[in-house]
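The chain contents come next:
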Amino acid sequence: MDQKKSFFQGRLFSIKNAFKGAILIFKTETSFQVQVVVAILMTIAGFVYEISATEWTIQLLAIALVMGLEAANTAIEDMANFIHPEHHVEIGGIKDLAAGAVFIAVIFAIIIGFIIYIPKVFF
Ligand SMILES: Nc1ncnc2c1ncn2[C@@H]1O[C@H](COP(=O)(O)OP(=O)(O)OP(=O)(O)O)[C@@H](O)[C@H]1O
């Protein structure tokens with residue numbers, strides 16, 4: 001019984017820390033703030049153009065992927081700066097890779113946006 005209680009307490013603690021991380025990235029990362037604004041605009045567009053349940057799901061997945069990778073990118077950048085504050089070609093490469101992951105997700109999110117909205121807006 002005690003073990004079960006401590007398991008749930010442990011999960012609650014993890015959720016609390018994860019929530020703290022989400023608040024921190026929102027407060028400190030300009031690119032994340034921009035992504036939140038874009039996500040809100042896309043959500044408004046979803047209601048305006050009455051997108052289907054499938055389109056909502058895909059749009060939400062695209063938003064979550066971009067924002068999740070942005071958070072991971074920030075964590076990698078911060079860790080790199082902490083571990084090796086000096087300029088180093090390897091650190092540059094690691095940061096470029098992390099940024100590349102966000103970039104790939106953004107490109108595909110834009111394509112998804114075009115696929116969903118171009119037929120509704122222009123046809
Ligand atoms: N310590 C370093 N050594 C070598 N190159 C670096 C180093 N720090 C940053 N760079 C290079 O500069 C780029 C930008 O790094 P930086 O940490 O400033 O991220 P950023 O794109 O400005 O992130 P953000 O705007 O999200 O804070 C990296 O992708 C990398 O190419």
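Residues numbered from 1 in each chain as written. Predicted model: local features only at pLDDT ≥ 70, side-chain atom pairs only at ≥ 80, totals over all residues. Heavy atoms only, no water.

- Looking at an unreviewed UniProt entry, one finds the protein named Diacylglycerol kinase family protein, with Gaetbulibacter aestuarii as its source organism.
- Recorded under Sequence similarities (unreviewed entry), the UniProt text for the protein is reproduced unchanged: "Belongs to the bacterial diacylglycerol kinase family."
- Under the UniProt heading Subcellular location (unreviewed entry), the entry covering the protein gives this text: "Cell membrane". (UniProt positions renumbered as here; feature names shortened; annotations may be inferred.)

### Examining the environment of Glu77
Alright, step 1. Among the structural elements, Glu77 can be located in helix α3 (residues 53–83).
Alright, step 2. Taking relative accessible area as the criterion, Glu77 reaches 24% and is therefore assigned partly exposed.
Alright, step 3. Through-space distance from the C-alpha of Glu77 to that of Ser6 is 33 Å; in sequence the pair is 71 residues apart. (Helix = DSSP H or I, 4+ residues; strand = E, 2+ residues; numbered from the N terminus. Buried < 20%, exposed > 50% of the residue type's maximum accessible area, 1.4 Å probe, protein only.)

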